[in-house]
Amino acid sequence: MRKELIWAAAASALLAGCQDGSRQYADASVDVALMEAAPPADAAASAPTAAASAAPVVAPSIAYAYRFGLELPAEAATRLMAKHEQACTAAGLSACQVIGSNSSRVGRDSVEARLEMRATPAYVARFRAALDGEAKGVGGRVAEQAVESEDLTRQLVDTEARMRAMETLRDRLQQLLATRSGPLEQLLQVERELARVQGELDATRSALAVMRTRVQTSKLDVTYRAAGQLAPDSALRPVTDALGQVAYLFMSTLGALIMLLAGALPLLLVFAPLAWLGWRWRQKRAAQRRAAEAARKKKAEGEPSA
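Position numbers for residues count from 1 along each chain, tracking the sequence in the order it is written. In keeping with the model being predicted, local features are shown solely for residues with a pLDDT of at least 70 and side-chain atom pairs are shown and tallied solely at 80 or more, while totals for entire chains, interfaces and linings include all residues. The side-chain figures draw on all heavy atoms in the structure; neither hydrogens nor water molecules are used.

Draft legend 1. Highlighting the pattern of salt bridges. In what follows, salt bridge is the name for a side-chain nitrogen of Lys or Arg lying within 4 Å of a carboxyl oxygen of Asp or Glu. For the structure shown, the criterion picks out 16 salt bridges. Asp171 is the partner of Arg170 in a salt bridge, and the nearest nitrogen-oxygen pair spans 3.2 Å. On the accessibility criterion, Arg170 (16% relative accessible area) is buried. Via salt bridges that share partners, Arg114, Glu116, Lys219 and Asp221 belong to a single interconnected network. Whether a residue is buried, partly exposed or exposed follows from its accessible area with a 1.4 Å probe, protein chains only, as a fraction of its type maximum: under 20%, in between, or over 50%, in that order.

What follows is the structure, given as C-alpha cells:
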C-alpha cells in the first residue's frame, strides 16, 4: 500500500509539473507519446532523422475573429442590426449564436450600435458575401473590416495530453481504493488525492471544450455607425423647434400647477379653518372693544360736568 501511495504522489507531482510547464507554451515541440517511450540519449543522438520523420503531423487549429464597421444612415443603423440579429437567431444555435447587442443614440442624427455573434465558417462566409450589398442597399457602406487569428494548436495538444495523464492517474487511484486495504489515514489521503485529480480533470475538459468551440466557430463583431451631419437643418430650425415645444411646455406647466395644488391641499384643509376661526375671534374682540368704547363715551357724555 505504501508503494502505491508513493507512486501516486510521484505521479501527481509529475502531473503538476506538466501543468505548470504547459501554461508557458514553449516554442520547442513536445510529443507525449515519444516522451513515454523515449530511447536512450545515445540512440536518440545517433538517429535524429528517423525520430523526426516518425513524429506525428498535427493539423493546425486556428481561431478566427472578424470585425466589421458600417457607416449607415441614422434610420437604417438599428434596422440593419435587428435584421442581422434575427437572421442569426433563425439559423439556429448550431450555426450562429448572438453573444450580445447594444445601441445608443445622441440627438437625431448620431447612432451607434454593436452586435456580437459566434458562427460556423459557412455562416460567416455567407454573412461576409452579403454584407457589402446590404450596406449599399440602405445607403451605407462597409468602412472597416479586419480578421484576427490565434493559433490554438499548441494549447489543444498540451491540454489533451494533460487530460490523458490525469485520466491515467485517476484510474490508478480508483484501482488503489478498490483493490487495496490499509490504514484509514492512508485511504483518506488517496480519496482526497482522487477528488483533487477529478476536479482538475473536469476543469481541463471544460477548457478543452472552450478551445474547440473557438476553433470550430468564429467570432463576428459588427459595429453600425451613423454620424451626425454638420448642418442637417435650415436656419428656421430654432423656430420650428420652439413651435413644436409649445404644447409640451404648456402641459408641463399645467402639470406642475396640479402637483403644487395636490401638495398644498392637505395644508389648506388643516390651516384654512384655523385661519377662519382666528379671523372671527379677532372680529368679535374688535366689536367688543368698539361697544365698550361707545359705552364709555355715552357714559361720559351723560355725566354733568364739574
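Draft legend 2. Region of the structure containing the packing of helix α5 (residues 74-91) against helix α6 (residues 121-137). Note on method: axes are straight lines fitted to C-alpha atoms, helices fitted across the in-contact stretch only, with angles between N-to-C directions ranging 0 to 180 degrees. Secondary structure elements follow DSSP: runs of H or I no shorter than four residues count as helices, runs of E no shorter than two count as strands, and numbering proceeds from the N terminus. Relative to each other, α5 and α6 sit at 155°, their axes nearing to 13 Å. In terms of orientation, α5 and α6 fall into the roughly antiparallel class. Where α5 crosses over α6, the handedness of that crossing is right-handed. Here Leu80, Lys83, His84, Ala87, Cys88 and Ala91 of α5 come into contact with α6, specifically with Tyr123, Phe127, Leu131 and Glu134. Here the contact of α5 with α6 is composed, by residue class, of seven nonpolar, one polar and two charged. What sets the label is the angle itself: under 35 degrees gives roughly parallel, over 145 gives roughly antiparallel, 65 to 115 gives roughly perpendicular, and the rest give oblique. Left-handed describes a crossing in which the near helix is turned anticlockwise from the far one by less than a right angle; the clockwise case is right-handed. Contacts are assigned to residue pairs with any non-hydrogen atoms lying within 4.5 Å of each other. Basically, the charged four are Asp, Glu, Lys and Arg, the nonpolar ten are Ala, Val, Leu, Ile, Met, Phe, Trp, Tyr, Cys and Pro, and anything else, Gly included, counts as polar.

Draft legend 3. Local environment of the state of the cysteines. Note on terminology: disulfide denotes any pair of cysteine sulfur atoms within 2.5 Å. Counted according to the given criterion, the structure contains one disulfide. One disulfide in the model links Cys88 with Cys96; its S-S distance is 1.9 Å. Measuring handedness by torsion sign, the sulfur bridge of Cys88 and Cys96 sits at about -100° and is left-handed. Judged by its relative accessible area of 2%, Cys96 falls in the buried class.

Draft legend 4. Representation of the nonpolar core in the model. Nonpolar cores are built from buried Ala, Val, Leu, Ile, Met, Phe, Trp, Tyr and Cys residues. Side-chain atoms within 4.5 Å join them into one set. Residues Met117, Leu220 and Tyr224 are the most contacted members of the largest nonpolar core, which totals 24 residues. Elements represented by at least two residues in this core include exactly β1 (62-71), α5, β3 (110-119), α6 and β5 (218-226). Among all residues touching Tyr224, those that are not within four sequence positions of it are Leu70, Leu72, Ala77, Leu80, Met81, His84, Val111, Glu112, Ala113, Arg114 and Leu115.

Draft legend 5. Structural context of a nonpolar patch on the surface. Put simply, a patch holds well-exposed residues, over 30% relative accessible area, that have no salt bridge, with like charges counted together within 9 Å and Val, Leu, Ile, Met, Phe, Trp or Tyr side chains within 5 Å. Per-residue and other accessible areas were derived by the Shrake-Rupley procedure at a 1.4 Å probe size, with only the shown protein chains allowed to occlude residues. A surface patch of nonpolar side chains, amounting to about 1100 Å² of accessible area, comprises Leu265, Leu267, Leu268, Leu269, Val270, Phe271, Leu274, Trp276, Leu277 and Trp279. Of note, Leu277 is situated in helix α10 (residues 246-302). Among the residues examined, Leu277 registers a relative accessible area of 49% and is labelled partly exposed.

Draft legend 6. Structural view of the sheet that holds strand β4 (residues 141-151). A sheet is described by the order of its strands in space; here five strands give the open sequence β2-β3-β5-β1-β4, paired in mixed fashion. A single partner strand is all that each edge strand has here, and the edge strands are β2 (96-106) and β4. Taken over all neighbouring pairs, the strand axes of this sheet differ in orientation by 10° on average, direction set aside. Pairs of strands are assigned from DSSP output, requiring at least two bridges between the strands. Bridge analysis of β3 against β5 gives nine bridges, and the strand direction is antiparallel. Paired with Arg114 across the bridge in β5 is Thr223.

Draft legend 7. The pairing of β3, seen in detail. Bridge count for β2 against β3 is 10 bridges, and the pairing is antiparallel. Bridging from a neighbouring strand, Ser104 pairs with Glu112 of β3.

Draft legend 8. Focus on the packing of aromatic side chains. The criterion for an aromatic pair is that two Phe, Tyr or Trp rings (for Trp, the six-membered ring) have centres within 6.5 Å, with stacked assigned to planes under 30 degrees apart, edge-to-face to planes over 60 apart and tilted to the rest. This structure, assessed with the given rule, holds two aromatic pairs. With centroids separated by 6.4 Å and ring planes inclined at 25°, the aromatic side chains of Tyr64 and Tyr66 adopt a geometry described as stacked. Of the residues examined, Tyr64 reaches a relative accessible area of 37% and is grouped as partly exposed. In this structure Tyr66 comes out as buried when scored by relative accessible area, which is 12%.

Draft legend 9. Representation of a positive patch on the surface in the model. The grouping of Arg282, Arg285, Arg289 and Arg290 at the surface amounts to a positive patch. Within the fold, Arg282 resides in helix α10. Note on Arg282: relative accessible area 60%, which makes it exposed. Charge convention: Lys and Arg are scored as positive, Asp and Glu as negative, and His as well as the terminal groups of each chain are ignored. Where a charge sits is defined by one atom per residue type, namely NZ (Lys), CZ (Arg), CG (Asp) or CD (Glu).

It is worth stressing that arrangement in space is one thing and function is another; only the former is reported here.
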